[in-house]
Amino acid sequence: GKEEVAREKTILLADQLRHRDDDEARANELMLASLYPGHPYSLTRFGLPEAVKAMTEEKLEEWHNKTIKRQYPMVMLVGDTDGSSLISRIFSEGLKRGELDKVLKVNLPPLAGTGQEKTEQRNRALATQIIGFRLGSAMPPQLLSQSVASPDDFFSLTMLATLASSGKLNEKLRTELGLVDSLTIKHEPRLASSGFSIRFATLPENEAKTREALQAELQKLAAALPADDDFEAGRNATIGRYAIALQSHPVRAMEYARTVIFGRKPSDVESQPDSIRSIRKADIKRAAESLKLEGRGVVLAGK
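Predicted, not measured: the structure shown is a model, and the values here were computed from it. (Residues numbered from 1 in each chain as written. Predicted model: local features only at pLDDT ≥ 70, side-chain atom pairs only at ≥ 80, totals over all residues. Heavy atoms only, no water.)

Topic: helix α8 (residues 207-223)
The cut-off we apply is this: Comment: elements are numbered from the N terminus, with helices defined as DSSP H or I runs of at least four residues and strands as E runs of at least two. For a helix, the expected span equals 1.5 Å multiplied by the residue count minus one. The classification of residues rests on relative accessible area computed with a 1.4 Å probe and restricted to protein chains. Under 20% of the type maximum is buried, over 50% is exposed, and intermediate values are partly exposed.
The first and last C-alpha atoms of α8 sit 25 Å apart over 17 residues, in line with the 24 Å expected at 1.5 Å per residue. Within the sequence span of α8, burial applies to E207, T210, A213, L214, E217, L218 and A222.

Description of the confidence of the model for the protein
How we decide: Looking at any residue, its pLDDT shows the predictor's confidence there, from 0 to 100.
Looking at the protein as a whole, the pLDDT averages 82, with 83% of positions reaching at least 70. Mean pLDDT across the elements of the protein ranges from a minimum in strand β5 (residues 296-301), with 60, to a maximum in helix α9 (residues 228-245), with 93.

With respect to the packing of helix α1 (residues 2-21) against helix α2 (residues 23-35)
In plain terms, the rule: Axis lines are fitted to C-alpha atoms, over the contacting stretch for helices. Their N-to-C directions set the angle, which ranges from 0 to 180 degrees. Roughly parallel refers to an angle under 35 degrees, roughly antiparallel to one over 145, roughly perpendicular to one between 65 and 115, and oblique to any angle outside these ranges. In this description, contact between two residues means that some pair of their heavy atoms is separated by no more than 4.5 Å. The nonpolar class holds Ala, Val, Leu, Ile, Met, Phe, Trp, Tyr, Cys and Pro. Asp, Glu, Lys and Arg form the charged class, and all remaining residues, Gly among them, are polar.
Contact pair α1 / α2: the axes reach a minimum separation of 5 Å and the direction vectors enclose 95 degrees. What the angle tells us is that α1 and α2 run roughly perpendicular. Each of H19, R20 and D21 in α1 lies in contact with α2, whose residues at this interface are D23, A25, R26 and E29. When the residues that make up the contact of α1 with α2 are grouped by side-chain class, the tally is one nonpolar, one polar and five charged.

Let's talk about empty space enclosed by the protein
Short version of the rule: Both cavities and pockets are sets of points on a 1 Å grid over the protein atoms alone; in a cavity a 1.4 Å probe fits but cannot get out, in a pocket the set is open with protein on both sides within 12 Å along at least five of seven lines, and lining residues sit with an atom within 4 Å of a point. Grid points are joined across faces, edges and corners, and a volume is the space filled by probe spheres set on the points.
Applying the stated criterion across every chain yields a total of two cavities of 30 Å³ or more. The space that makes up the second largest cavity amounts to roughly 40 Å³. Around the second largest cavity sit M31, L32, L35, Y36, G132, F133, E188, R190, G195, F196 and S197, which together line it. Those elements giving two or more residues to the lining of the second largest cavity turn out to be α2, β2 (127-134) and β4 (195-202).

A look at a nonpolar patch on the surface
Selection criterion: Residues enter a patch when their relative accessible area is above 30% and they make no salt bridge; the linking distance is 9 Å between like charges and 5 Å between nonpolar side chains (Val, Leu, Ile, Met, Phe, Trp, Tyr). For every accessible area listed, the method is Shrake-Rupley and the probe measures 1.4 Å; residues are considered covered only by the protein chains on display. Between Lys or Arg on one side and Asp or Glu on the other, a salt bridge is scored when a side-chain nitrogen of the former is within 4 Å of a carboxyl oxygen of the latter.
A cluster of nonpolar side chains, contributed by M74, V260 and I261, occupies part of the molecular surface with about 230 Å² of accessible area. Position of M74 relative to the elements: it lies in the loop between α4 (57-66) and α5 (83-94). Given a relative accessible area of 39%, M74 falls into the partly exposed group.

Topic: the environment of E24
Assignment of secondary structure puts E24 in helix α2. The sequence separation of E24 and A127 amounts to 103 residues, and the corresponding C-alpha distance is 9.8 Å. If near-sequence neighbours (up to four positions away) are discounted, E24 is found in contact with T128, I130 and R199.

Remarks on the side chain of T210
Let me state the cut-off plainly: By the criterion applied in these results, polar contacts are pairs of N or O atoms within 3.5 Å in which, for protein atoms, one can donate a hydrogen and the other can accept it, and in which residues neighboring in sequence qualify only through two side-chain atoms.
Examined against the element boundaries, T210 turns out to sit in helix α8. Classification of T210 by relative accessible area gives buried; the value is 0%. Within the structure, T210 has its side chain in polar contact with the backbone oxygen of N206 (distance 2.7 Å). Contact partners of T210, with chain neighbours within four places excluded, come to L179, V180, F200 and T202.

Written as structure tokens, this is what we have:
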């Protein structure tokens, strides 16, 4: 009813303010807006204030009729439960549909170019920056159409992120040069265009120096094969981190959902260790080479 819609709007607007006040979350929003201008990937997690304020019960119902009623939901169950019985009783019987959309329509981002730097000044002791790189689709090559960007190195990029965040790059920036307070590197698979991001916090006066050092270290990863010890440590850390993350039922369920959406096999979730073990040094070098600087979005939030 109208009272429920009004209450949810108030909660959502509060979430927007809280999210915007978080330096890391805001830096990530600005980075995505830099890399994917005019595309849904650039939208903020909790939406835009003007859109929420303009929402009505009638608009919600219209949206529901155009989307939820025209596609069956994907239901992922993880845990000690009688899944088949639960789905047949609650979902299959409870969700009656008429005409359905059987094809998921995905809008492709505009052609990659130099990300426009987006900066938001804040009164903080540390500056938080995120550098993002646009990559290809997370779908397997055989499922890609000509209109979709070439696939990313799905597992190689994940291992590259671990190798960089826990290896010499992290050691040099944090310990040797003392430039960063924290460093997080992630590969984020997506259906239309995957991403690779590097987040770091530094003193405002070290912003430029940190970015120069970071760029130099990334170029080293792309120019030469990793050393044996670093490569083995990175591979083991990637397998171990994934196994630890999958102990959480929500994380495991989300991994299955992403795998299905990407058109991959659900068994890829369980066989991830084997996929990582099959990676070679040349795969890591090729993944690092895919981080083209012209696809970069640099963000500063907190100064």
